[in-house]
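Reading the structure
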Amino acid sequence: MSGRFTVLETGPLTTVQDAGRIGKAALGIPRSGACDLGSYRLANRLVGNEEGAAALEVTFGGLALQAESTLVVALTGAPCLGVPFNGPATLRAGEVLRLGPPRTGLRTYVAVRGGVEVAPVLGSRSTDLLSGLGPAPLSAGDVLSVGMEHGPMPGVDLAAVPDPAGEEVVVRVTPGPRREWFTDAGWASLVGQTYTASSDSNRVGVRLEGSRLERARDGELPSEGMTLGALQIPPSGLPVLFLADHPVTGGYPVIAYVAAPDLDACGQLRPGQTLRFTTRNVIR
């Protein structure tokens, strides 16, 4: 071990995340991992960590941690008040890193040089809120160890990446396996209306508020496989957009899938933010 830190405050939710449990869906185990993989990977690169090192995922700020030894950290994703972002910073022993609420976005990633050292479960250090696998969400008073450094620092002072969107988000979709369960009017409504992210959302999925989608047939399905980015339509007629901790099976029809490059933006949606779906290419 090369260091450690103490959690003083966690905010609404802080978990340990990495790239997830890949390739285990056939065993009933979801991928989990960071909701915004791009921001998570950038944070690790900025401190020279190996691919897949564990970091902290902080939901809507509020995290406070105290370095028990000198640490090099990088914060990415939702930019919180009071701390530097998108570049490496040094925390001396005894110093406190405190995150205010983010200006935009929902999830902030804190990488520590050497990685957060917790015991892996089925090949991953990720906290999975749905299955309960991995370490428990952090609590005040937790002391976490930092792993050994693996490589040189990248020599980057600041990564020129945009903040998560603060206004409406537009993401691309393709028809899902149960598109025919909905009328053409239902599909047109999906890609024509503006949805609002519900406060009843979490790492499992984002519930969307808007107009019901018209179905072409009644009844429900036997359970079938579910993947990240699926837009499942329960009896309410309103989509649920599955995120990292989604179930691996479900019995409600999937009308569409969000394009993989747009999933990170979905992981940064905060309650009350608006979202539109499109079948056209979006310039980012």
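Everything that follows concerns the structure shown earlier in this document.
Summary of the structure given here. Please read all numbers here as calculations on a predicted model, not as lab measurements. (Residues numbered from 1 in each chain as written. Predicted model: local features only at pLDDT ≥ 70, side-chain atom pairs only at ≥ 80, totals over all residues. Heavy atoms only, no water.)

1. A word on the pattern of salt bridges
We apply this condition: Salt bridges, as used here, are contacts in which a Lys or Arg side-chain nitrogen is within 4 Å of a carboxyl oxygen on Asp or Glu. By definition, any uninterrupted DSSP run of H or I lasting at least four residues is a helix, any uninterrupted run of E lasting at least two residues is a strand, and each is numbered from the N terminus. Accessible area is worked out with a 1.4 Å probe on protein chains only. A residue is then buried under 20% of its type maximum, exposed over 50%, and partly exposed in between.
Throughout the structure, instances matching the rule amount to 15 salt bridges. Between Arg 172 and Asp 262 there is a salt bridge; the shortest N-O distance is 2.9 Å. Residue Arg 172 is located in strand E11 (residues 169–175), and its partner Asp 262 is located in the loop between strand E18 (254–258) and helix H3 (263–267); the two are separated by 90 residues in the primary sequence. Of the residues examined, Asp 262 reaches a relative accessible area of 0% and is grouped as buried. A single network of salt bridges, built from pairs that share partners, joins Glu 57, Arg 107, Arg 203 and Asp 245.

2. Some remarks on the nonpolar core
Operational definition: Joining through side-chain atoms within 4.5 Å is the link that ties buried Ala, Val, Leu, Ile, Met, Phe, Trp, Tyr and Cys residues into a set, and such a set is a nonpolar core. Note on definitions: a residue-residue contact is assigned when non-hydrogen atoms from the two residues lie within 4.5 Å.
Counting 39 residues, the largest nonpolar core has Leu 190, Leu 231, Ile 255, Val 258, Leu 275 and Phe 277 as the members making the most contacts within it. With 5 residues, the single largest contributor to this core is helix H1 (residues 37–46). The residues contacting Ile 255, other than those within four sequence positions of it, are Thr 174, Pro 175, Gly 176, Arg 179, Phe 182, Trp 187, Leu 190, Leu 213, Leu 231 and Ile 233. Formed by 25 residues, the second largest nonpolar core is a distinct cluster that contains Val 16, Val 58, Leu 75 and Val 146.

3. Things to note about the environment of Phe 182
By secondary structure assignment, the location of Phe 182 is in the loop between E11 and helix H2 (184–192). Taking relative accessible area as the criterion, Phe 182 reaches 2% and is therefore assigned buried. Spatially, the C-alpha atoms of Phe 182 and Thr 127 are 35 Å apart, while their sequence positions differ by 55 residues.

4. A closer look at the layout of surface pockets
Keep this limit in mind: Two kinds of site are reported from a 1 Å grid over the protein atoms alone, namely cavities, where a 1.4 Å probe fits but cannot get out, and pockets, open sets with protein on both sides within 12 Å along at least five of seven lines, and residues are called lining when an atom falls within 4 Å of a point. Grid points are joined across faces, edges and corners, and a volume is the space filled by probe spheres set on the points. Lys, Arg, Asp and Glu make up the charged group, whereas Ala, Val, Leu, Ile, Met, Phe, Trp, Tyr, Cys and Pro make up the nonpolar group; the residues left over, Gly among them, are polar.
For the largest pocket, the calculated volume is near 570 Å³. Lining the largest pocket we find 23 residues, and of these Asp 36, Pro 162, Asp 163, Pro 164 and Asp 264 sit closest to its centre. Of all the elements in the fold, those that place two or more residues in the lining of the largest pocket are H1, strand E5 (71–77) and H3. In terms of residue count, the dominant contributor to the lining of the largest pocket is H1 (4 residues). Looking at the lining of the largest pocket residue by residue, the class counts come to 9 nonpolar, 7 polar and 7 charged. One number sums up the size of the second largest pocket: a volume of about 240 Å³. If you go around the second largest pocket, you meet 18 residues; those closest to its centre are Thr 59, Leu 106, Arg 107, Ser 201 and Asn 202. Taken together, the residues of the lining of the second largest pocket break down into 10 nonpolar, 5 polar and 3 charged.

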